[in-house]
Amino acid sequence: MSDTHAQTVTYVRDTMLPQAAPPSTAQGPVKWLRESLFSSIPYTILTIAALYVIYVLLSGFLPWLLGGVWTTSNIRECREVLDGAAGGCFSVLAERWNQLLFGISYPQDGYWRPTLAFVLLFVAVAPVLFSNLPRQLLIVTALYPFIAFWLIWGGSLLVPVSALLSIVIGYVVYGKLVKTSFAAGLAGGVIAAAVVWFVLSMMTPSLSGVLALEEVASRNMGGFMLNMILGVVCVSLSLPLGILLALGRQSSLPIIKMICVVFIEFIRGVPLITLLFVANVVLAYFLPPGTSFDLILRVIIMITMFASAYIAEVIRGGLAALPRGQYEGAESLGLDYAQSMRLIILPQALKISIPGIVNVAVGLFKDTTLVSIISMFDLVGMIRGPILASTDWNGVYWELWGFAALLFFIVCYGISQYSQWLERQLQTDHH
Amino acid sequence: MTTMSDPQQGSFRLSMLLNDTRYRSYTFQFIALVLLIALMAFLGVNLMRNLAEAGLNISYDFLGVPAGYDINQTLIDYNSQSSNLRAAMVGIINTLLVAFLACLTATVIGVIAGVARLSKNWLVSKLMSVYVEIFRNIPVLIWILMIYTLMTAVLPAPNAFRGDNATSSMLFDAFAFTNRGVYIPAPVWGPGSMMVVATFILSIIAVVFYRRYAVKLLFETGKLLPTGWPTLAILIVPTLLMFFIMGSPIGLDLPALKGFNFRGGIQIGAPLIALWLALSVYTGAFIAENVRAGIQAIPKGQTEAAASLGLRPKRVMNLVILPQALRVIIPPLISQYLNITKNSSLAIAVGYADITATLGGITLNQTGRAIECVLLLMLFYLTISLSISAIMNVYNKNVSLKER
């Protein structure tokens, strides 16, 4: 039977054909071009339009950037050198870089101090941002505020050291007393810190020359340095405040909840500029007669309040996203409120709210430019005020604004890329 | 009968206020309240003492006093003899004007950029992500100042339009872009123009009824009426007919160069344009991200299910994807609108007379009434924010998924 069947088959191929290469239009760059740029007539038109836009932008921008002049001392010389050719007067950056970065009155020979503080900032935040770095680096983070304060504001090293010492002693006392009760620990810690600070501050004036850097008053801070100081200080201060506000808003105690809700909604409902007006002209009325705060300190207080309300809302989102079982699990282990928050709830809630917090931080950093409106000389204030108003550089707009935009772009884009990277890192553990 | 776990009666000790969880919450709240009242009292007493020392008082009488300064862009009658209250009203209207304009254009820019970012065209999507990243990561104040510089330092002066060898020319003889602002044609309402407007409004109502009728017919008989061309026809044809019947009552007042400046038409000042454009492109970048996230949030299964029901691609978009994506897009969109309103307070940097610049700027400086001015300013922004978030909450309740 099988024989007869075999004879009906006239031809059967017994070897596989060798694989042929795909047609040239369906592979490599040609395929990519066809699929992603010229897949249909409307897409082709879009592609050509986009190419034209890119051409127009680059043909205006590149000659200006590449043909720029870097070495003249004022705008008239620069225009003479350019002689009608396309090009930017970048000499304004070469001549005024110190004002743009550090402000007018920061001592010239002290520029290394904020620069060093800036470099150390990366060391200090690295262990916070990247969890795979050795934990010992956190010591640098803890010491950083004191070092940075000493470097930027100058004065005797003893002032930040005694502040550090009083905080350490306060913490030790808190650690001893917290076993009896949380309230006793807190009160004891605060009192101990205050006492140590008081005693040490009696002693330091006599030793004011010890390891002293030249003192720089707050009003002499300016330029991009001021933006960085405001951004870093306000974000780090507003984080703990925001956590407290978020916990308060979620709390079951009606009065505390109400206080937090009113504060958060009020701050989020008004623009930052009105709060800066408060710092500038109104706050003085609410302080005891005769006290005078620096403007920079008043601004820091206001921006911190502003940022903490936004951070509180982000963290509230994180708290609400945790499953209820986590709260109940913590309670059933017998943990009290402070313990369950510290050990169970906040570590998880903060982890999921990090991207949101980073967004708030970027927004806040951009908003530090608003201080130029209440006549502080940050980067924008510096450009609008002393530099564009000077006869040497009146009219060099795009070079200066471009420089400012570039600085902010680098910082903000860097932070937001970090945030996206972190989001991807955090996503993996859901799979 | 008592069990071991019942609290002991009548044995309240003072230490229980701190150690007993039943009473501790009251203790904490009491402490918080006392601290709050103490803070308020401290601030209040300081305020009283400072005011007494400076010989001031809290009074809103300055609102009725003539303001004494001019505002160049006003929508309501105002001159330097008008009261400070009137100046504040001008400011409020200007704030609302720029916020409204910027919300419109930012939405348009954002939706286009957001959709284009998802385009399969590589070049277009990359171009849009470059736009989004550049505009999101640079402060809006720098954008406002840059566009203001563009308006005032790069655009030609009106006299560049003059003479036989003018270096600049008007667009369509109707629009002039000068460093004093942009001049656009102004409509002139002649007699009978009300009839034309009324006809147009009636046509809009007719379109609504026609569309309703089409839907009803579809549901009842399954017959599909065309909607696109009829809508356009109903909108345009009767209005045009009425326009010519009444003898072209609506004309245009074109701006024209007279002497050293343009006359006629509507002048839109450089500050308004700078603020409007900057807020639009800046917020547009954020809205683009919201739109992209909203569309990506819809699972692909929805598109496939709709296609397998036999819906055409356009209907898949209109009936299945968009209604779900809007639920995700609209809440952040509204908060972007709020941001625009709050960011419009940066008008003060370019001298646009919004509420911050009039009440919080010139009036504050001239009268010295810092507390009152800042308080009123905050009250205005708070009212807007809180009312918009109230509307938001109602909306969120309405669109939230109804799950049993």
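About the thresholds
- Per chain, the residues get numbers from 1 upward, laid out in the order the sequence is written.
- Both sets of labels track the order of writing: A upward for chains, 1 upward for ligands.
- pLDDT decides what is reported in this predicted model: residues at 70 or higher carry local features, side-chain atom pairs at 80 or more are listed and counted, and totals for whole chains, interfaces and linings draw on all residues regardless.
- Each helix is a run of H or I in the DSSP string that is no shorter than four residues. Each strand is a run of E no shorter than two, and both are numbered from the N terminus.
- The globule rule used for comparison is 2.2 Å times the number of residues to the exponent 0.38, while the radius of gyration itself is calculated over C-alpha atoms.
- Whether a residue is buried, exposed or partly exposed follows from its count of other C-beta atoms within 10 Å of its own C-beta, namely 20 or more, 12 or fewer, or something in between, respectively; the C-beta atoms are built from the backbone.
- For every residue pair, C-beta atoms are placed from the backbone, and the pair is scored as a contact if these atoms sit within 7 Å.
- Being paired, for any two strands, means DSSP has found at least two bridges between them.
- Under this scheme, a helix contributes an axis fitted over its contacting stretch, all axes are lines through C-alpha atoms, and angles between N-to-C directions fall in the 0 to 180 degree range.
- Every helix has an expected span of 1.5 Å times one less than the residues it contains.
- By definition, a nonpolar core groups buried Ala, Val, Leu, Ile, Met, Phe, Trp, Tyr and Cys residues that connect through C-beta atoms lying within 7 Å of each other.
- The split into domains, and so the bounds of each, comes from an automatic or database assignment of domains.
- UniProt positions are given in the numbering used here, feature names are shortened, and annotations may be inferred rather than shown by experiment.
- Throughout, the arc means that of the directions going from the helix axis to the C-beta atoms.
- If an angle is under 35 degrees, it is roughly parallel; if it is over 145, roughly antiparallel; if it lies from 65 to 115, roughly perpendicular; otherwise it is oblique.
- By the definition used in this description, the sense in which the near helix is turned from the far one sets the handedness, with an anticlockwise turn below a right angle giving left-handed and a clockwise turn giving right-handed.
- Polarity classes work like this: nonpolar for Ala, Val, Leu, Ile, Met, Phe, Trp, Tyr, Cys and Pro, charged for Asp, Glu, Lys and Arg, and polar for all others, with Gly in that last group.
- Values of pLDDT, ranging from 0 to 100, describe the predictor's confidence in every residue of the model.

Trainee: Teacher, can you tell me more about the overall build of chain B here?
Mentor: Of regular secondary structure, chain B possesses 12 helices and 7 strands. Computed over the C-alpha atoms, the radius of gyration of chain B is 30 Å, more than 25% above the 22 Å expected from 2.2 N^0.38 for a compact globule of 404 residues. Viewed in the frame of its principal axes, chain B has a C-alpha envelope of about 95 × 75 × 45 Å. By the burial criterion, 29% of the 404 residues in chain B qualify as buried. Of the contacts formed within chain B by residues at least 6 apart in sequence, a portion of 66% connects residues at least 24 apart.

Trainee: What's the story with the overall build of chain A in this structure? I'm lost.
Mentor: Looking only at helices and strands, chain A features 17 helices and 0 strands. Taken along its principal axes, the extent of the C-alpha atoms in chain A is 115 × 80 × 40 Å. Taken over 431 residues, chain A has a buried fraction of 29%. Within chain A, residue pairs in contact and separated by at least 24 positions form 67% of the contacts whose partners lie at least 6 positions apart.

Trainee: What's the story with the sheet that holds strand β2 (residues 181–184) of chain B in this structure? I'm lost.
Mentor: All names here are of chain B. Strands sit in the order β1-β2-β7 across an open sheet of 3 strands; the sheet is antiparallel. Only two strands of the sheet have a single partner each, and these edge strands are β1 (176–178) and β7 (266–268). Shown here is a sheet whose adjacent strand axes are inclined to one another by a mean of 20°, direction ignored. Here 3 bridges tie β2 to β7, and the two strands are oriented antiparallel to one another. By the bridge assignment, Ile-184 is partnered in β7 with Ile-266.

Trainee: Even after reading the chapter, I still don't get helix α6 (residues 112–129) of chain A, so can you show me in this structure?
Mentor: Side chains that are three or four residues apart share a direction in an α-helix, a result of its 3.6 residues per turn. All names here are of chain A. Spanning 18 residues, α6 covers 25 Å between terminal C-alpha atoms, matching the ideal 26 Å at 1.5 Å per step. For α6, the full list of buried residues reads Arg-113, Pro-114, Ala-117 and Ala-124. Contacts from the buried residues of α6 go to α5 (91–102), α7 (138–153) and α10 (223–250).

Trainee: Please explain the nonpolar core as it appears in this structure.
Mentor: Soluble globular proteins tend to bury their nonpolar side chains together. In terms of nonpolar packing, the biggest core is built from 155 residues, with Leu276(A), Ile142(B), Trp143(B), Ile144(B), Ala274(B), Leu275(B) and Ala278(B) touching the most fellow members. The element best represented in this core is helix α8 (residues 270–296) of chain B, accounting for 16 residues. Sequence-distant contacts of Ile144(B), defined by excluding residues within four places in its chain, comprise Ala274(B), Leu275(B), Ala278(B), Leu346(B), Ala349(B) and Val350(B).

Trainee: Which parts of the structure should I look at to understand the interface of chain B and chain A?
Mentor: Accessible area lost on assembly of the parts is the figure often given for the size of an interface. Between chain B and chain A, the contact holds 47 residues from the first and 44 residues from the second. Listing elements by their share of the side of chain B that touches chain A, those giving two or more residues are α2 (21–54), α4 (122–136), α5 (140–154), α11 (355–367) and α12 (370–399) of chain B. Broken down by element, the side of chain B that touches chain A gets its largest block of residues, 13 residues, from α2(B).

Trainee: Explain the domain arrangement of chain B here, please?
Mentor: Per the domain assignment, the segments making up chain B are domain 1 (18–54) and domain 2 (186–253). When each unit is reduced to the centre of its C-alpha atoms, the spacing between domain 1 of chain B and domain 2 of chain B is 63 Å.

Trainee: What exactly am I supposed to notice about the UniProt feature "domain: ABC transmembrane type-1" (unreviewed entry) in chain A here?
Mentor: UniProt's feature table lists "domain: ABC transmembrane type-1" (unreviewed entry) at residues 224–419 of chain A, given in the numbering used throughout. In this annotation, residues 224–419 of chain A is assigned 79% helix and 0% strand; the end-to-end C-alpha distance for the span is 23 Å.

Trainee: Looking at this structure, how should I read the UniProt feature "transmembrane region" (unreviewed entry) in chain B?
Mentor: Residue and element names in this part refer to chain B. The feature "transmembrane region" (unreviewed entry), as given by UniProt, occupies residues 26–47, 87–113, 134–155, 188–210, 231–252, 264–288 and 374–395 in the numbering adopted here. In residues 87–113, the share of helix is 100% and the share of strand is 0%. The end C-alpha atoms are 38 Å apart. When the span residues 264–288 is considered, its composition is 76% helix and 12% strand, and the gap between its end C-alpha atoms is 38 Å.

Trainee: Where do I start with the domain arrangement of chain A in this structure?
Mentor: Assigned domains of chain A: these are domain 1 (25–65) and domain 2 (67–106 + 220–426). Each of domain 1 of chain A and domain 2 of chain A was reduced to a C-alpha centroid, and the two centroids are 38 Å apart.

Trainee: Which parts of the structure should I look at to understand helix α9 (residues 182–203) of chain A?
Mentor: Residue and element names in this part refer to chain A. Taking 1.5 Å per residue as the helical rise, α9 with its 22 residues ought to reach 32 Å, and the 32 Å between its terminal C-alpha atoms agrees with that figure. Those residues of α9 lying buried are Gly-189, Ala-192 and Ala-193. All buried residues of α9 fall inside an arc of 100° around its axis, so they share one side. For α9, the exposed residues lying more than 90 degrees away from the buried face are Ile-191, Ala-194, Phe-198, Val-199 and Met-202. Along its buried surface, α9 packs onto α8 (158–177).

Trainee: Help me understand the packing of helix α3 (residues 84–117) of chain B against α8(B) in this model?
Mentor: For any two helices packed against each other, one specifies the crossing angle of their axes together with the interaxial distance. Residues and elements named next belong to chain B. Running from N to C, α3 and α8 cross one another at 40°; their axes reach a closest spacing of 6 Å. Taken together, the axes of α3 and α8 are oblique relative to one another. Once α3 is placed against α8, the crossing between them reads as right-handed. For the contact of α3 with α8, a count of residues per class yields 16 nonpolar, 7 polar and 2 charged.

Trainee: Sorry, what's going on with the confidence of the model for chain B here?
Mentor: Atomic detail in the predicted coordinates should be set aside for any region of low pLDDT. All names here are of chain B. Averaged over all residues, the pLDDT of chain B equals 83, while 92% of them reach at least 70. Taken element by element, chain B is modelled with least confidence in helix α1 (residues 16–19), mean pLDDT 69, and with most confidence in α8, mean pLDDT 92. Our summary of model confidence lists the complex with pTM equal to 0.86 and ipTM equal to 0.87.

Trainee: Would you mind showing me how to read the packing of helix α12 (residues 272–282) of chain A against α12(B) here?
Mentor: Where α12(A) contacts α12(B), the axes come no closer than 10 Å and their chain directions differ by 170°. Here α12(B) runs roughly antiparallel to α12(A), going by the angle between their axes. Packed against α12(A), whose contacting residues are Thr274(A), Phe277(A), Val278(A), Val281(A) and Val282(A), the element α12(B) presents Ala370(B), Ile371(B), Val374(B), Leu377(B), Met378(B) and Tyr381(B) at the interface. Here the contact of α12(A) with α12(B) is composed, by residue class, of 10 nonpolar, 1 polar and no charged.

Trainee: Just checking my understanding: could you explain the environment of Leu37(A) for this structure?
Mentor: Locating Leu37(A) in the fold gives a position in the loop between α2 (28–36) and α3 (41–66). On the basis of neighbour counts, which here come to 19 C-beta atoms within 10 Å, the residue Leu37(A) falls in the partly exposed class. Between the alpha carbons of Leu37(A) and Gly248(A) there is a distance of 53 Å; along the sequence they are 211 residues apart. Contact partners of Leu37(A), with chain neighbours within four places excluded, come to Thr47(A), Asn121(B), Trp122(B) and Leu123(B).

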